[in-house]
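Report on the structure
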Amino acid sequence: MTVTTSAAEAAHTRIEPGILYFGTPVVLLSTVDQAGTPNLAPMSSAFWLGWRGMLGLGAKSKTAQNLMRNRECVLNLPSDAMAAAVDRLALTTGSDPVPDRKYERGYRYEADKFGKAGLTPVASETVAPPRVAECPVTMEAVVEAVHPLAEDDAAQRGGILVFEVRVQRVHVHDDVRMPGTDDRIDPDRWRPLIMSFQKLYGLGPQVHPSTLAKIPERLYRGPDIERSRNQSSRANENRFTNGSQR
């Protein structure tokens, strides 16, 4: 193979950005602490495969500690219309005292994250952490595995954890469902909030027809969906209503 340098290749410049946040959906991750108090944390180091999700979190964060202890969470996906509410949670933490690394960056302790954001907690069906009523998509999940990141580097070892979660319930607002279907999201109606290099953006219209979209979604349905149906409801055990247990 002959390697050549094209005009397009020559246009690249080598850089070393401090972060590689090229754009991922924002997640409001709700957990509960050792006293059963809800915590709500914005994050965007997340991706999904089937009904499994991978969540990257600082090991010393309150959310990571809650996940390690209780193994439950809700992945609340805000729309782009909720950017102001999400931003009100910026530089807040449920950890008291504030960890040194976060203190240096200007974080402050906030006991009532739902109240701070102006959002409403509602009871989940299968997990203790509450869902966010205003989020068009909420996914109740349990932790199935925890994977340390950067264990090869002594300077980073123990600092970051990747949580593998299995979704047990998916709840959506009807206005993001595809008309005429029971279980599909309409991507032309769903407008996720996107984080790109620490800034918040919305998602624009489709830019090109997708060949991949010709594959029926039913062909992606895995065994975790059937497993989720067998998960008993904890709705009577978990009652987070507006103004209580925040």
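Everything below is about the structure shown above.
In short, a report on the structure. Quick caveat, the model's predicted, so the values are computed rather than measured.

This part covers the pattern of salt bridges. Opposite charge on two side chains permits them to pair, given that their charged atoms come into close proximity. This model, assessed by the stated rule, comprises 11 salt bridges. A salt bridge links Arg169 to Glu125, with the nearest nitrogen and oxygen atoms 2.8 Å apart. Of this pair, Arg169 sits in strand S12 (residues 160-172) while Glu125 sits in the loop between strand S9 (121-122) and strand S10 (131-132), placing them 44 residues apart in sequence. Note on Arg169: relative accessible area 16%, which makes it buried.

Ranked by internal contacts, the top residues of the largest apolar core, which has 22 residues, are Leu29, Leu55, Leu75, Phe163 and Val165. Counting only elements with at least two residues in this core, the list comes to strand S2 (27-32), strand S5 (52-58), helix H2 (62-70), strand S6 (72-77), strand S11 (137-149) and S12. Residues in contact with Leu75, not counting those within four places in the same chain, are Val27, Leu28, Leu29, Trp48, Leu55, Val137, Thr138, Met139, Ala141 and Val165. Core analysis: the second largest hydrophobic core is formed by 14 residues, Ala85, Leu89, Cys135 and Leu193 among them.

On the surface, a nonpolar cluster with roughly 420 Å² of combined accessible area is contributed by Ile19, Leu20, Phe22 and Phe197. Position of Leu20 among the secondary structure elements: in the loop between helix H1 (7-10) and strand S1 (24-25). For Leu20, a relative accessible area of 63% corresponds to the exposed category.

To continue, consider the packing of aromatic side chains. By the definition in use, this model includes one aromatic pair. Relative to Phe197, the ring of Phe22 lies with its centre 5.0 Å away and its plane at 85°, an arrangement referred to as edge-to-face. Here the residue Phe22 occupies a position in the loop between H1 and S1, and Phe197 occupies one in the loop between strand S13 (194-196) and strand S14 (199-201), the gap between them amounting to 175 residues.

Taking burial as the measure, the six residues of S2 include six buried ones, the bulk of the element. Taking every second residue as pointing to the same face, both faces of S2 are buried, with Val27, Leu29 and Thr31 on one and Leu28, Ser30 and Val32 on the other. Summarising the sheet, S2 and strand S3 (residues 38-43) pair through six bridges and their orientation is antiparallel. Along S3, the bridge assignment pairs Thr31 with Asn39. Here S2 folds back onto S3 in antiparallel fashion, the turn holding five residues, of which Gly36 has a positive phi close to 85°. Two strands pair when backbone bridges link them, and S2 and S6 are joined in this way by three bridges, in the antiparallel orientation.

Let us look at the sheet that holds S14. Pairing is antiparallel in the open sheet, where three strands are placed in the order S1-S13-S14. Each of the sheet's edge strands pairs with one partner strand only, and the pair in question is S1 and S14. Relative to S14, S13 runs antiparallel, the two sharing three bridges. Note on S14: the bridge partner recorded for Ile194 is Tyr201.

Ordered by their spatial adjacency, seven strands build an open sheet running S3-S2-S6-S11-S12-S5-S4, and the pairing between neighbours is antiparallel. With partners counted over all chains shown, the strands left at the sheet margins are S3 and strand S4 (46-49), one partner each. For this sheet the average axis-to-axis angle between neighbouring strands, irrespective of direction, equals 30°. Relative to S12, S11 runs antiparallel, the two sharing 12 bridges. Across the sheet, the residue bridging to Pro148 is Leu161, located in S12. Those strands touched by H2 are S2, S3, S5, S6, S11 and S12, and its axis lies near 50° from that of S2.

Before going further, it helps to examine unusual backbone geometry. Glycine aside, residues mostly have negative phi angles, and peptide bonds mostly take the trans form. The peptide bond linking Asp96 to Pro97 adopts the cis configuration, its omega dihedral lying at 10°. Its place among the elements puts Pro97 in the loop between strand S7 (92-93) and helix H4 (100-104). The backbone of Arg71 shows a phi angle near 60°, a positive value even though the residue is not glycine. Judged by relative accessible area, Arg71 falls into the partly exposed class, the value being 32%. Positive phi, close to 60°, is recorded for Leu91, a residue that is not glycine. Here Leu91 shows up in the loop between helix H3 (83-87) and S7. We classify Leu91 as partly exposed; its relative accessible area is 38%.

Parameters at a glance
Residues numbered from 1 in each chain as written. Predicted model: local features only at pLDDT ≥ 70, side-chain atom pairs only at ≥ 80, totals over all residues. Heavy atoms only, no water. Salt bridge = Lys/Arg side-chain N within 4 Å of Asp/Glu carboxyl O. Helix = DSSP H or I, 4+ residues; strand = E, 2+ residues; numbered from the N terminus. Buried < 20%, exposed > 50% of the residue type's maximum accessible area, 1.4 Å probe, protein only. Core = buried A, V, L, I, M, F, W, Y, C linked by side-chain atoms within 4.5 Å. Contact = heavy atoms within 4.5 Å. Patch = residues over 30% accessible without salt bridge, like charges linked within 9 Å, V, L, I, M, F, W, Y side chains within 5 Å. Areas by Shrake-Rupley, 256 points an atom, 1.4 Å probe, with all protein chains shown as cover. Phe/Tyr/Trp six-rings, centres within 6.5 Å; stacked < 30°, edge-to-face > 60°. Pairing = 2+ DSSP bridges. Axes fitted to C-alpha atoms, helices over the stretch in contact; angles between N-to-C directions.

These figures come from the coordinates and say nothing about function on their own.
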